[in-house]
Amino acid sequence: TAVGIGKVPEAQLDVRGTFRAPGTIVQVKQAVKKDTQSTTVGSPVDVSGLSVTIYPKFSNSKILVSYQVNMGANYHVFLRVVRTQNGVATLVGTGNAAGNRPEATSYQSHSHVNDMKSMNMEILDSANETDAIEYKVQFWVAAATHYTAFINRAMNSGDNVYYAHLSSSITVKEVCQ
């Protein structure tokens, strides 16, 4: 429509289209896991409930991926994030593969069965397109059957005031570019 403030309109104002403000958060998705889970498997296993799907509004957006996972174990445990878009799965935020070292985003060597550690990661990923992207957290132990990893609890988890069950989360935020 025509716009004029205190005088006759001189130009047309077109307000159709998509508003973009680089650096702003376009949308946020989060999954929270409140129950516990364990594994003795020496290869990545999905952490049930720690996956989220986002539908980017813009193909050039960045996706800020972060997790906070509470873990207990008796020894070497790992976490990683898997991104799946259009059926193609890739790892996000891992270090480079080197020899027998696993590609992980977090690693802990727990030495006490009463310990629980908060493992965290945050990284910017590229949306690449506007098709849905699923991000999920996986965990595993270094030596199958020798070690056990626990989500949201310590290895020792007696029903008394000394042990707590916690929650974990994964959050993704679309950041306009």
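S.K.: I tried to follow the packing of aromatic side chains on my own but got confused; where do I start?
M.R.: How two aromatic rings sit relative to each other is set out by the distance from centre to centre and by the angle between their planes. Enumeration over the complete set of coordinates arrives at three aromatic pairs. Measuring from ring centre to ring centre gives 5.4 Å for Y75 and Y147, while their planes differ by 50°; the resulting arrangement is tilted. With Y75 in the loop between β6 (62–73) and β7 (77–85) and Y147 in the loop between β11 (133–141) and β12 (149–151), this pair connects stretches of sequence that are 72 residues apart. Y75 gets classed as partly exposed once you look at its relative accessible area, which sits at 32%. Chaining the aromatic ring pairs together yields one cluster made of F78, Y107 and W140. For the cation-ring pair, R153 lies above F150, with the distance from its terminal atom to the ring centre recorded as 4.1 Å.

S.K.: Can you help me understand the nonpolar core in this one?
M.R.: General note: in soluble globular proteins, nonpolar side chains tend to be found buried as a group. Ranked by internal contacts, the top residues of the largest apolar core, which has 28 residues, are M71 and Y135. Residue assignment for this core shows that the elements contributing at least two residues are β5 (45–54), β6, β7, β10 (117–126), β11, β12 and β13 (168–175). Top element by residues in this core is β6. It accounts for six residues.

S.K.: Would you mind going over the side chain of S106 with me for this structure?
M.R.: As for its position among the elements, S106 is in strand β9 (residues 106–108). Within the local environment of S106, its side chain forms a polar contact with the side chain of Y67, the two groups lying 2.6 Å apart. The contact partners of S106, leaving out residues within four places of it in the chain, are Y67, V77, F78, L79, M119 and N120.

S.K.: What should I look at first to understand the pairing of β13 in this one?
M.R.: Consecutive side chains along a regular strand alternate between the two faces of the sheet. Extensive coverage of β13 is indicated by the burial of seven of its eight residues. With eight bridges joining them, strand β3 (residues 25–33) and β13 adopt antiparallel strand pairing. From the neighbouring strand, A31 faces β13, where its bridge partner is I170. The pairing of β6 with β13 spans seven bridges and is antiparallel. What sits directly across from K62, in β13, is V175.

S.K.: Please clarify how the pairing of β7 should be interpreted in this entry.
M.R.: Within β7, eight of the nine residues are buried, which leaves it mostly tucked inside the rest of the structure. Where β7 lies against β9, three bridges are found, and the strand directions are antiparallel. Across the sheet, L79 pairs through a bridge with S106, a residue of β9. Across nine bridges, the pairing between β7 and β11 is antiparallel. Following the sheet pairing, V82 is matched in β11 by K136. By the bridge criterion, five bridges tie β7 to strand β8 (residues 88–92) in an arrangement that is antiparallel. Paired with V81 across the strands is V92, a residue of β8.

Cut-offs used in this document
Residues numbered from 1 in each chain as written. Predicted model: local features only at pLDDT ≥ 70, side-chain atom pairs only at ≥ 80, totals over all residues. Heavy atoms only, no water. Phe/Tyr/Trp six-rings, centres within 6.5 Å; stacked < 30°, edge-to-face > 60°. Helix = DSSP H or I, 4+ residues; strand = E, 2+ residues; numbered from the N terminus. Buried < 20%, exposed > 50% of the residue type's maximum accessible area, 1.4 Å probe, protein only. Lys NZ or Arg CZ within 6 Å of the ring centre and 35° of its normal. Core = buried A, V, L, I, M, F, W, Y, C linked by side-chain atoms within 4.5 Å. Polar contact = N/O pair within 3.5 Å; in protein donor to acceptor, adjacent residues only side chain to side chain. Contact = heavy atoms within 4.5 Å. Pairing = 2+ DSSP bridges.

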